[in-house]
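Given next are the chains, with one letter for each unit.
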Amino acid sequence: MRQALTAIKKCAPWAALVLLLPCAAQPLPSLPVQDVALLAGNCVTCHGPGGRPPAEASGSIPALRGRSSALLLERMQAFKAGRVAGATVMPLLMQGYDTAQMQALARWFAAPPTETP
Amino acid sequence: MAALHRRQLLLGAASLAAPAVVRAQGAGARVVVVGGGFGGATVARYLRTWAPQVQVTLVEPADRFFTCPFSNHYLAGLRSWDSIGHGYDGLRATGVQVVHARAEDVDGQRRSLRLHTGQELRWDRLVLSPGVDMRWDALEGYDRAAAELAPHAWKAGAQTLLLRRQLQAMPDGGRFVMVIPDNPFRCPPGPYERASLVAHYLRQHKPRSKLLLLDAKNNFSKKALFLQGWKALYGDMLEWVSLAQDGQVVRVDARALEVETAFGTHHRADVLNVIPPQKAGLIAERAGVTDASGWAPVRGENLASQRVAGIHVLGDAALAGPIPKSGFAANNQGKVVAAAIAAELSDKTPPTAWYANTCYSLLAPGYGISVSGVYRVQQGRLADLPHSVGVSPLDAPAGHRAAEANHGADWYAAISADIWDR
């Protein structure tokens with residue numbers, strides 16, 4: 001919980017004092033599209049090209065494509081805050097991304113822009 | 001850049017019939033990529049996606065690329081050889097020109113690359129992802145001829161097949177000895193995964209055998225996890241000897257299958273796997289991008305060489321701060337290089353470099369562990385993001401180890417699809 005509070009305080013210091021509003025409610029400046037494409041490149045190394053695991057995979061690493069941005073963001077924040085039971089590498093990896101990056105990635109995998117860097 | 005623009009203008013005037021995309025900024029720019037492994041093949045593919053107007057040539061001697069990741073699974077009989085080989089048809093289909101040749105020399109002034117066939121390729125940007133070469137002068141008695149008797153198997157190929165045959169021929173009750181170098185070298189947890197999977201194979205097929213690991217250092221990647229796993233899985237079948245315990249090998253007698261340590265202890269093997277010290281692949285040296293360490297210093301934001309303009313170096317050959325020499329890292333670096341070159345050639349702002357890494361190691365079927373980290377440029381240097389670098393927990397339940405074993409296999413399928421289509 002302390003980790004969760006810290007994460008919330010980082011993106012909106014007053015939120016922790018009010019109603020523990022999720023960061024998703026706070027619109028942040030969006031990242032340049034080429035930055036997001038490159039960040040998404042970090043994810044597809046495990047989650048598969050375009051966020052779809054290949055046919056040969058067993059399904060132990062889930063698809064990102066086809067999920068709503070709200071769900072993807074909630075999931076990333078839960079990993080970062082240490083709130084996902086049985087998680088493996090994601091709690092560590094998500095420490096490397098701030099809320100604006102997570103929001104951008106969530107939108108990207110929900111509906112990736114066609115523009116490229 | 002200015003020269004490039006002038007050339008583009010000329011090209012544009014001369015090719016009015018060309019499709020619009022070809023006349024776009026950066027049109028006709030030539031990028032030559034050396035090395036069709038995790039780094040180079042990623043650069044080639046992503047450049048075609050992000051800068052389709054750029055001509056991309058990939059130089060790689062092999063028709064099929066066999067990966068070091070999962071070659072330990074092959075050694076243990078857990079994977080077929082074919083399952084870790086990847087062809088280049090998928091890259092060709094994206095418009096990459098694949099040239100199966102060996103890169104021999106680089107002229108950074110003329111911006112050309114010479115192939116072993118004598119052919120010269122001109123480039124506006126050169127990308128070097130040559131992996132590692134063995135330092136044949138670093139360990140007394142260990143040269144190319146010795147490697148035919150005591151394989152390193154640290155490049156997947158004939159060496160890997162040789163080590164597998166030797167393991168199959170080893171008598172039950174025999175001794176497998178591995179010589180492990182000091183840092184830095186390709187795939188920091190690799191020797192220890194190999195030891196685990198060789199132990200698994202021997203336990204299954206030659207249970208009276210022993211493994212002896214002679215290490216030139218006291219610490220290694222995921223050490224506590226490996227030690228815990230080895231104890232649980234293999235007991236006293238496997239012994240790791242650190243530098244402090246006289247683990248550093250200083251001389252190899254490949255004919256006698258014998259090694260000598262710094263303090264003069266002799267160890268005899270039935271199968272001897274010598275992983276020697278390494279350096280950047282030879283073409284990096286020819287291009288003048290390496291320093292006295294034998295590796296290539298690069299700028300964190302785009303992996304451009306610190307020594308020669310117009311050349312990017314990535315993957316195991318690069319000195320990339322705290323980023324490990326792994327296939328995952330090379331793949332992420334490939335995307336940074338592709339994005340940086342795509343931006344430069346079209347006068348756009350290059351994106352902010354961001355690198356992730358996860359390395360899974362398998363200790364036995366169903367028993368996987370990992371190390372992860374995220375890296376960025378801070379104050380001009382590559383650094384890890386706070387709290388992002390770490391390993392699997394010690395004393396984790398079997399379900400956690402099983403999940404990471406599955407993740408490892410699914411990672412391999414995903415990264416292979418990302419790079420080679422399969």
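All values reported here derive from a predicted model rather than from experimental measurement. (Residues numbered from 1 in each chain as written. Chains lettered and ligands numbered in written order. Predicted model: local features only at pLDDT ≥ 70, side-chain atom pairs only at ≥ 80, totals over all residues.)

Draft legend 1. Region of the structure containing the overall build of chain A. For chain A, the helix and strand inventory stands at 5 helices and 0 strands. Of the regular secondary structure in chain A, the N- to C-terminal order runs α-α-α-α-α. Looking at chain A residue by residue over its 117 residues, the buried ones come to 41%. Looking at chain A alone, contacts between residues at least 24 apart form 56% of all its contacts between residues at least 6 apart. (Helix = DSSP H or I, 4+ residues; strand = E, 2+ residues; numbered from the N terminus. Buried ≥ 20, exposed ≤ 12 C-beta atoms within 10 Å, placed from the backbone. Contact = placed C-beta atoms within 7 Å.)

Draft legend 2. Spatial organisation of the environment of B:Q168. Note on placement: B:Q168 falls in helix α7 (residues 158-169). The spatial distance from the C-alpha of B:Q168 to the C-alpha of B:G131 is 29 Å, given a sequence separation of 37 residues.

Draft legend 3. Structural view of the interface of chain B and chain A. Of the residues lining the interface, 36 residues belong to chain B; the matching set on chain A comes to 28 residues. Looking at the side of chain B that touches chain A element by element, the count peaks at 13 residues for helix α12 (residues 398-420) of chain B. A breakdown of the residues in the side of chain B that touches chain A according to their chemical character gives 19 nonpolar, 13 polar and 4 charged. (Nonpolar A, V, L, I, M, F, W, Y, C, P; charged D, E, K, R; others polar.)

Draft legend 4. Quick look at the domain arrangement of chain B. All names here are of chain B. Once the domains are mapped, chain B shows domain 1 (2-133 + 279-351) and domain 2 (136-276). Taking only C-alpha atoms into account, the centre of domain 1 sits 33 Å from that of domain 2. Opposite the 17 residues of domain 1 that make contact, domain 2 presents 17 residues. Here the side of domain 1 that touches domain 2 gets 5 residues from one element, more than from any other, and that element is helix α4 (residues 71-75). The residue makeup of the side of domain 1 that touches domain 2, split by class, is 9 nonpolar, 6 polar and 2 charged. (Domains from an automatic or database assignment.)

Draft legend 5. How the structure looks around the environment of B:G39. Residues and elements named next belong to chain B. Summarising the element assignment, G39 is placed in the loop between β1 (30-34) and α3 (40-50). The exposure class assigned to G39 is buried, which follows from the 33 C-beta atoms found within 10 Å. For the pair G39 and V106, spaced 67 residues apart in sequence, the C-alpha to C-alpha distance is 19 Å. Not counting chain neighbours up to four residues away, the residues in contact with G39 comprise S129, L314, G315, A330, Q333 and G334.

Draft legend 6. Structural view of unusual backbone geometry. Residues and elements named next belong to chain B. Omega for the peptide link from N183 to P184 comes to -5°, which places this bond in the cis form. If you trace the backbone, P184 turns up in the loop between β11 (175-180) and α8 (190-205). Although it is not a glycine, D246 sits at a positive phi angle of roughly 75°. Tracing the chain through its elements places D246 in the loop between β13 (238-241) and β14 (249-253). Of note in the backbone geometry, L303 takes a positive phi value of approximately 60° without being a glycine. Following the sequence through the fold, L303 ends up in the loop between β19 (296-297) and β20 (311-313).

Draft legend 7. Main features of the UniProt feature "domain: Flavocytochrome c sulphide dehydrogenase flavin-binding" (unreviewed entry) in chain B. The feature "domain: Flavocytochrome c sulphide dehydrogenase flavin-binding" (unreviewed entry), as annotated in UniProt, sits at residues 352-420 of chain B in this numbering. Within the segment residues 352-420 of chain B, helix and strand shares are 33% and 41% respectively, and the terminal C-alpha atoms sit 25 Å apart. (UniProt positions renumbered as here; feature names shortened; annotations may be inferred.)

Draft legend 8. Here's a closer look at helix α3 (residues 69-80) of chain A. All names here are of chain A. Between its first and last C-alpha, α3 extends 16 Å over 12 residues, near the 16 Å set by a 1.5 Å rise per residue. Residues of α3 that are buried: L72, L73, M76, Q77, F79 and K80. Around the axis of α3, the buried residues are gathered within 160° of arc, so they sit on the same side. Seen from the open side of α3, the exposed residues pointing more than 90 degrees away from its buried face are A70 and L71. Just downstream of α3, G82 is the residue with a positive phi angle, here 75°. (Expected span 1.5 Å × (residues − 1). Arc of directions from axis to C-beta.)

Draft legend 9. Molecular detail of the sheet that holds strand β8 (residues 120-122) of chain B. Residue and element names in this part refer to chain B. What the 3 strands build is an open sheet, ordered β6-β7-β8; its pairing is antiparallel. Because the sheet does not close on itself, it has two edges, and the strands there are β6 (103-107) and β8. Between one strand axis and the next, the sheet turns through 25° on average, direction left out of account. Where β6 meets strand β7 (residues 112-115), 4 bridges bridge the pair, whose relative direction is antiparallel. By the bridge assignment, V106 is partnered in β7 with L113. (Pairing = 2+ DSSP bridges. Axes fitted to C-alpha atoms, helices over the stretch in contact; angles between N-to-C directions.)

Draft legend 10. Geometry of the sheet that holds strand β2 (residues 55-59) of chain B. Residues and elements named next belong to chain B. Reading across the sheet, the 5 strands line up as β5-β2-β1-β9-β20 and stay open at both edges, with parallel pairing between neighbours. Each edge of the open sheet is held by one strand with a lone partner, namely β5 (97-99) and β20. Put simply, the sheet's adjacent strands are angled 20° from each other on average, direction ignored. Pairing analysis gives 3 bridges linking strand β9 (residues 125-128) to β20, with the strands arranged parallel.

Draft legend 11. Spatial organisation of the packing of α8(B) against helix α9 (residues 223-234) of chain B. Residues and elements named next belong to chain B. Following both chains from N to C, one finds α8 and α9 inclined at 0°, their axes separated by 11 Å at the closest point. Put simply, α8 runs roughly parallel to α9. Residues Y192, S196, A199 and R203 of α8 form the contact with α9, whose participating residues are F226, G229, W230 and Y234. Looking at the contact of α8 with α9, its residues break down into 5 nonpolar, 2 polar and 1 charged. (Parallel < 35°, antiparallel > 145°, perpendicular 65-115°, else oblique.)

Draft legend 12. A look at the environment of A:V84. Take A:V84: it is sitting in the loop between α3 and α4 (90-93). Among all residues touching A:V84, those that are not within four sequence positions of it are A:A78 and A:F79.

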